[in-house]
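Close look at the chain arrangement
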Amino acid sequence: MTKVPHLDRVIEDVNKYYYNRWKVKFGKYMKLYVFGSWKFLTLLAAIVLLLLTTLQAFCSVYNCRKFNLGSTSE
C-alpha cells in the first residue's frame, strides 16, 4: 500500500475492525444474496402469477367447485 510499514499496519487494523462489524457483514449478505438474486425472484414471481392467471381462467370457463370453508352444507 504505502512505503511506511507503520501506516500499512494501522490501515490493516482499521480495515479488520470495519469489516468485522455486524452492520457491514449484514450489508454484504444483503447485497450478495438478496439484491443479487432479484432476477431470479422476478422470474419466480412471474411464473406464479402466470399459473394463478391460468387457474382463474380455467375456473371461470369450467365452473370450478367453490370451496366454502365456513359451512358444511352445499
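Residues numbered from 1 in each chain as written. Predicted model: local features only at pLDDT ≥ 70, side-chain atom pairs only at ≥ 80, totals over all residues. Heavy atoms only, no water.

This part is about helix α3 (residues 38-62). End to end, α3 covers 36 Å across 25 residues, agreeing with the expected 36 Å (1.5 Å per residue, within 8%). Immediately beyond the C-terminal end of α3, within one or two residues, lies N63, with a positive phi of roughly 50 degrees. (Helix = DSSP H or I, 4+ residues; strand = E, 2+ residues; numbered from the N terminus. Expected span 1.5 Å × (residues − 1).)

This part covers the confidence of the model for the protein. For the protein, per-residue confidence averages 83 on the pLDDT scale, and 86% of positions sit at 70 or higher. Between the elements of the protein, mean pLDDT differs from a low of 87, seen in helix α2 (residues 22-34), to a high of 90, seen in α3. (pLDDT = per-residue confidence, 0-100.)

With that settled, the discussion passes to the packing of aromatic side chains. Overall, the coordinates contain three aromatic pairs when judged by the stated rule. Ring geometry for Y29 and Y33: centres 5.1 Å apart, planes at 45 degrees, overall tilted. With a gap of four residues between them, Y29 and Y33 both fall in helix α2, about one helical turn apart. Between F58 and Y62, the ring centres sit 4.9 Å apart and the planes meet at 45 degrees, which makes this aromatic pair tilted. Of this pair, F58 and Y62 both sit in helix α3, separated by four residues, roughly a single helical turn. The exposure class assigned to Y62 is exposed, which follows from its relative accessible area of 57%. (Phe/Tyr/Trp six-rings, centres within 6.5 Å; stacked < 30°, edge-to-face > 60°. Buried < 20%, exposed > 50% of the residue type's maximum accessible area, 1.4 Å probe, protein only.)

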